[in-house]
There are 2 protein chains.
Amino acid sequence: MKLSKAFIPTLKEVPADAVITSHKLMIRSGMIRPLTAGVYSFLPLGYRVIKKIIDIVREEMDSIGAQEFFLPALNPIELWEQTDRVKAFGDTMYHVKNRPYVLAPTHEEVIAHIAKNHIQSYKDMPQVWYQVQTKFRNEARPRSGVIRSRQFFMKDAYSLDSSWEGLDKSYNDQHEAYKKIFTRCGIKFFVVGASSGAMGGNKSQEFMVESNAGEDTCALCDKCGYAANVEVATSKKEKIGKRGESKSIEKIHTPNIKTIDELCSFLKITPDDCAKAVVYFYQVEDKWEPVLIFMSGNDELNESKLTSVLGCQVVPAKPEELFDIFGANAGSLGPINIKKKIKIIADKRLEGANNLYSGANEDDYHLSGIDFERDVKVDGYYDLRTVIEGEACPDCGTPLRIVKAIELGHIFKLGTKYSEGLQANFLDEKGEEKPIIMGSYGIGIERVCACYIEQNNDEYGIIWNKALAPYLVSLIAVNSNVKEVMQKSEEIYNLLVKKNIDTVYDDRVGVSPGFKFKDADLIGIPLQVLVSEKNLKNGKIEIKIRRTGERKLFDQDKIIESIENILKEID
Amino acid sequence: MKLSKAFIPTLKEVPADAVITSHKLMIRSGMIRPLTAGVYSFLPLGYRVIKKIIDIVREEMDSIGAQEFFLPALNPIELWEQTDRVKAFGDTMYHVKNRPYVLAPTHEEVIAHIAKNHIQSYKDMPQVWYQVQTKFRNEARPRSGVIRSRQFFMKDAYSLDSSWEGLDKSYNDQHEAYKKIFTRCGIKFFVVGASSGAMGGNKSQEFMVESNAGEDTCALCDKCGYAANVEVATSKKEKIGKRGESKSIEKIHTPNIKTIDELCSFLKITPDDCAKAVVYFYQVEDKWEPVLIFMSGNDELNESKLTSVLGCQVVPAKPEELFDIFGANAGSLGPINIKKKIKIIADKRLEGANNLYSGANEDDYHLSGIDFERDVKVDGYYDLRTVIEGEACPDCGTPLRIVKAIELGHIFKLGTKYSEGLQANFLDEKGEEKPIIMGSYGIGIERVCACYIEQNNDEYGIIWNKALAPYLVSLIAVNSNVKEVMQKSEEIYNLLVKKNIDTVYDDRVGVSPGFKFKDADLIGIPLQVLVSEKNLKNGKIEIKIRRTGERKLFDQDKIIESIENILKEID
């Protein structure tokens, strides 16, 4: 492609709304343009990269025997009502105004619908079905460029099995394929245990890229390799336990004391002496009921863990909703003398703890001497806390690191949630009807592109590897006013085209060498071939490797061979 | 792909709602399944064909220098308001309920929006931008399977030029590329002049496939090659003209006479003696105004031509709306004594005609002796009639054939409608600001597939050519209970896979030979390789060419070479 004819609108300026590096560089290099908030047009250069990623994904899916579908974005809303996900997705799913359709944010329902009609027997399985196509999600706050956008490319695969062992195999196949895909793309990633969230199911893992631009937080052990999303991560943080003989409960006047820190400094105690009350609402059928949760001291309640424990959506109570339930306001709530009957759960660290301080359910008062076993009717103790930096790895005890990360892919053992919802059953070896056992496996295609750029750039622009590069060679006619330079460049371009070496040729006339070099570095093609007047006089042409900055002169007569050789050597 | 593992759900029965051949065969061969009315899932076999068509389209677009984009389906509604197409598309465009978006049924607006921001000078053009992606149209009556559906794949290309000559070149490039694409796909097609309709612009052509399943009607001259959609087709049908001296107007009692035929038989006159009145409403800004149209005798008014003449949407008046305007009902309307002031236009055949009969604008009365020139204030004479079978070709006079056809592609010289609407301007050589001159070029990808099947099938199923075939070879282990057959088949399969010859291998155990043959014929892979016990005993393997039914035995040791040779020979 000749730059004089190509549409690659590079920008010198950093776009005002772009915060993270990949977003800035994708805009500046002319890969994408926003159409409206969270909605991007892929321009030719950007779409070339997307197609390369899709090709890699397809090859690895095909190689594990997955079969490619293309399922409709327009979905009848009834299908989603059968699995109760119209409610679960809420405003995140787009609804069509002039037809009872939704735009599919994922395709478990359609897959189960097709399986219901066509999978009759255990002999028809295993099946692994996948597709690569546009998904639609009405993100309230789209951000970070293509990383969180309102329509995006997704590879979504679904496995159908007749046994749990079959699901294990299908899941592992995807797990291995994902590792190959991200490795081939040249991305440094790690895998973490994750929460299944609204998808349901009993196991899930995420493929993550460490990045300050990430919206996920993960706990990593550099020693034993333990890695988990903080949504599910645990640590060896010890229980509070029994501390001496249980005292009796005493009421203490604590004027204007609201937080654990204030309470500790007022009473000269430590956070371990305190039980913090947190109130949420959870959904029981169509009603929202309050639940009172106790955490030790300043431990942070983890909403994902709470969701998993309660098995439904949860929302934090608002301050103004508390008085009606407790007869007291936030900061004075506790486990004793609650006005109304309410579900109470507590973090595992509080199990068996005594001599605790907590709110008195009366403004400006706290109680001391609380023994959870003796005084509180707790419905269950669960792991509800958020792990923090430096806590001991649950497997080996080494201090955990907490890092920000971007989720590239997520694999789920779904189980039978969707097949039960849509009656997608099969007959097993004994002729008994059973729900199909499903798995679901997603990759955000644009995220692969953005994460690659996050990991491969410098102050001048993007640094592509061969696997994802939109072109392999960036041929530059340095002095466009010199006839010999233009002739030689044109000649090399034609030879490269003939050899099927994807080349972008900067043949622009009246553009300064400096401007051409800047554009080439910004776009980041692996090899730059620089045809200049000065070197041509000595029969030489310069090649620059974008990643290392290394430059070397080659005989003009052997330039194609030299290009081919260097291309073989570099990543 | 082994059939024992593949998801290719073939059906013996013809699906109840499928009327046309391609629809029946795409369902029966397991290429597609409906999800809801007009919305289809592509199953693996069907999607393989779609990808092959897309690859051909991409190659031909790339070879004329078109650059591939991927533009969002989610479009802010404001963009469409700027070109007034929210109204023009009406209910055919999907609107999103929970965000002010529409789903793009085409992308002229987004293209003009990008051009506005990035094309500054005549030096930045020509540009040809294309994409292949899902389009959304809320068809009121989806039908004929994937031929008229509510979401579909479309290749849409757009040219941006600084001159009308440039547009001519871009348009011709697309024209030539389209011919190559359809020819490579193995489709018999013809090109017709067409109406630009709601797209606007001054020239358009359609690429058509003759088919009784078609919704378009075309006039063809087998002698000189004249071809036009009846929306714009003309013929050498002569004018009525002056017939003798103009008589004076007389009122005739015509009780219960409503139609031209009734009038002719009642008064013993011919249709050429009559002027038929037709009433439409047309849109002037936000109001709908009536227009009275006169046609000669039984000539049929062509709504597309009327739309082009008036340059806006039109709808036929309802019978109950007529009396208020004319003081008479349908069947008694005419050009004289109209109650209200109204726009009047007439077909060219009536220009200068005299001694005509028409309604008296009084129920049960007609007038004779009407001279259009003398008696009627006509706002203009236009070609408004629909050509019919056997009329003389406008170019050579040969009788025209009228055929039904399916539109595969449509190319438009748009001009400046969209660039003006979205202020996509450029500076010309003199530094003057001008609107970019646009063209728009579409191909319905599924239609290529369906039309191919319409033209290539027999009573047993589909007959694929190599270009579109989902697999090239259908390898059949005929006697699955015979060990040698299974071993030999497996061996051949592995060799074919190694040679990258796409093969579907019917390795199913417990499925009868007859059933396997029927499935193979239905799916229609070009070559069938039949490994049977009987022939293996003689060291032979049979190859059947699906299109011709030709069968021949080959040495089992040379079977791969034989397959390769036959594949070279056939289409």
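This structure is a prediction, so every number in the text was calculated from the model and none was measured.

Caption draft 1: View of the overall build of chain A. Broken down by element type, chain A carries 16 helices and 31 strands. The principal-axis extents of the C-alpha atoms in chain A amount to approximately 95 × 65 × 50 Å. Classification of the 571 residues of chain A by burial places 47% in the buried group. In chain A, of all internal contacts separated by at least 6 residues, the share reaching a separation of at least 24 is 71%.

Caption draft 2: Inspection of the interface of chain A and chain B at higher detail. The interface is formed by 42 residues belonging to chain A together with 42 residues belonging to chain B. Looking at the side of chain A that touches chain B, the elements that each hand over two or more residues are strand S1 (32–36), strand S2 (39–42), helix H2 (44–63), strand S3 (67–68), strand S4 (74–76), strand S5 (94–95), helix H5 (108–118) and strand S7 (127–136) of chain A. Of the residues in the side of chain A that touches chain B, the class split is 24 nonpolar, 11 polar and 7 charged.

Caption draft 3: Molecular detail of the relation of the copies chain A and chain B. For these two chains of identical sequence, chain A goes onto chain B by a turn of 180 degrees and a shift of 0.1 Å along the axis, with RMSD 0.1 Å. Both copies of the chain, as the preceding transformation shows, are related through a two-fold rotation axis. Most of the interface of chain A is mirrored in chain B: 100% of its interface residues are interface residues there too.

Caption draft 4: The environment of Phe189(A), seen in detail. Residues and elements named next belong to chain A. The residue Phe 189 is located in the loop between helix H6 (164–184) and strand S9 (190–193) in this model. The class for Phe 189 is buried, based on 22 C-beta atoms found within 10 Å. Sequence separation between Phe 189 and Met 208 is 19 residues, and the spatial gap between their C-alpha atoms is 5.4 Å. Once residues lying within four places of it in the same chain are set aside, the contact partners of Phe 189 are Phe 182, Phe 207, Met 208, Val 209 and Leu 408.

Caption draft 5: Spotlight on the sheet that holds strand S6 (residues 101–103) of chain B. Residue and element names in this part refer to chain B. Judged by pairing direction, the sheet is antiparallel, and its 3 strands sit side by side in the order S4-S6-S5 without closing on themselves. One side of each edge strand has no neighbouring strand; the edge strands of this open sheet are strand S4 (74–76) and strand S5 (94–95). One ladder, built from 3 bridges, connects S4 with S6; its direction is antiparallel. Across the sheet, the residue bridging to Asn 75 is Val 102, located in S6.

Caption draft 6: Focus on the domain arrangement of chain A. Here chain A is partitioned into domain 1 (21–188 + 409–453), domain 2 (250–382) and domain 3 (471–569). Computed over C-alpha atoms only, the centres of domain 2 of chain A and domain 3 of chain A are separated by 68 Å.

Caption draft 7: How the structure looks around the sheet that holds strand S28 (residues 503–506) of chain B. Residues and elements named next belong to chain B. Spatial ordering of the open sheet is given by S28-S27-S29-S30-S31, a layout of 5 strands whose pairing is mixed. Each edge of the sheet is formed by a strand with only one pairing partner; in this case those strands are S28 and strand S31 (551–555). Pairwise comparison of adjacent strand axes, ignoring direction, gives a mean angle of 25 degrees for this sheet. As paired elements, strand S27 (residues 473–477) and strand S29 (residues 527–531) share 5 bridges and run parallel to each other. By the bridge assignment for S29, Leu 475 is matched with Val 529. Packing against the sheet, helix H13 (residues 483–498) makes contact with S27, S28 and S29, and its axis sits at approximately 160 degrees to S27.

Caption draft 8: View of the packing of helix H2 (residues 44–63) of chain B against helix H12 (residues 445–455) of chain B. Residues and elements named next belong to chain B. Between H2 and H12, the least distance of the axes is 9 Å, while the angle of their chain directions is 110 degrees. Between H2 and H12, the angle falls in the class roughly perpendicular. As for the relative orientation of H2 and H12, their crossing is right-handed in sense. Side by side, H2 and H12 meet where Val 49, Ile 50, Ile 53 and Ile 54 of the first sit next to Ile 445, Val 448 and Cys 449 of the second. Its residues assigned to classes, the contact of H2 with H12 shows 7 nonpolar, no polar and no charged.

Caption draft 9: Structural view of the pairing of strand S31 (residues 551–555) of chain A. Residues and elements named next belong to chain A. The pairing of strand S30 (residues 540–545) with S31 spans 5 bridges and is classified as antiparallel. Each residue of the ladder has a partner; that of Lys 544, found in S31, is Arg 551. Counting the residues that bridge the hairpin from S30 to S31 gives 5 residues, and of these Gly 549 lies at a positive phi of roughly 80 degrees.

Caption draft 10: H12(B), seen in detail. Counting buried positions along H12(B) yields 10 of 11 residues, so the element is predominantly enclosed. Among the residues of H12(B), those classed as buried are Ile445(B), Glu446(B), Arg447(B), Val448(B), Cys449(B), Ala450(B), Cys451(B), Tyr452(B), Ile453(B) and Glu454(B).

Caption draft 11: Spatial organisation of the environment of His23(A). Residues and elements named next belong to chain A. Assignment of secondary structure puts His 23 in helix H1 (residues 21–28). Taking the C-alpha atoms as reference points, His 23 and Ser 144, 121 residues apart in sequence, are found 6.2 Å from one another. Apart from residues lying up to four places away in sequence, His 23 is in contact with Ala 18, Ser 144 and Gly 145.

Caption draft 12: Summary view of the packing of helix H1 (residues 21–28) of chain B against H12(B). All names here are of chain B. Where H1 contacts H12, the axes come no closer than 8 Å and their chain directions differ by 105 degrees. The pairing of H1 with H12 is recorded here as roughly perpendicular in orientation. In this structure, H1 contributes Thr 21, Ser 22, Leu 25 and Met 26 to the contact, and H12 contributes Ala 450, Ile 453 and Glu 454. A class-by-class count of the residues in the contact of H1 with H12 yields 4 nonpolar, 2 polar and 1 charged.

Caption draft 13: Examining unusual backbone geometry more closely. Of note, the amide linkage connecting Met125(A) to Pro126(A) takes the cis form, showing an omega dihedral of 5 degrees. Counting through the fold element by element, Pro126(A) comes out in the loop between H5 and S7. At Asn355(B), a residue that is not glycine, the phi angle is positive and equals roughly 50 degrees. Its place among the elements puts Asn355(B) in the loop between strand S17 (343–347) and strand S18 (356–359). If you check the backbone angles, Asn361(B) has positive phi at about 55 degrees while not being a glycine. Counting through the fold element by element, Asn361(B) comes out in the loop between S18 and strand S19 (365–370). On the basis of neighbour count, Asn361(B) is assigned to the buried category, with 23 C-beta atoms found within 10 Å.

What counts and what doesn't
Residues numbered from 1 in each chain as written. Chains lettered and ligands numbered in written order. Predicted model: local features only at pLDDT ≥ 70, side-chain atom pairs only at ≥ 80, totals over all residues. Helix = DSSP H or I, 4+ residues; strand = E, 2+ residues; numbered from the N terminus. Buried ≥ 20, exposed ≤ 12 C-beta atoms within 10 Å, placed from the backbone. Contact = placed C-beta atoms within 7 Å. Nonpolar A, V, L, I, M, F, W, Y, C, P; charged D, E, K, R; others polar. Least-squares fit on C-alpha atoms with pLDDT ≥ 70 in both. Pairing = 2+ DSSP bridges. Domains from an automatic or database assignment. Axes fitted to C-alpha atoms, helices over the stretch in contact; angles between N-to-C directions. Parallel < 35°, antiparallel > 145°, perpendicular 65-115°, else oblique. Left-handed = near helix turned anticlockwise from the far one by under 90°.

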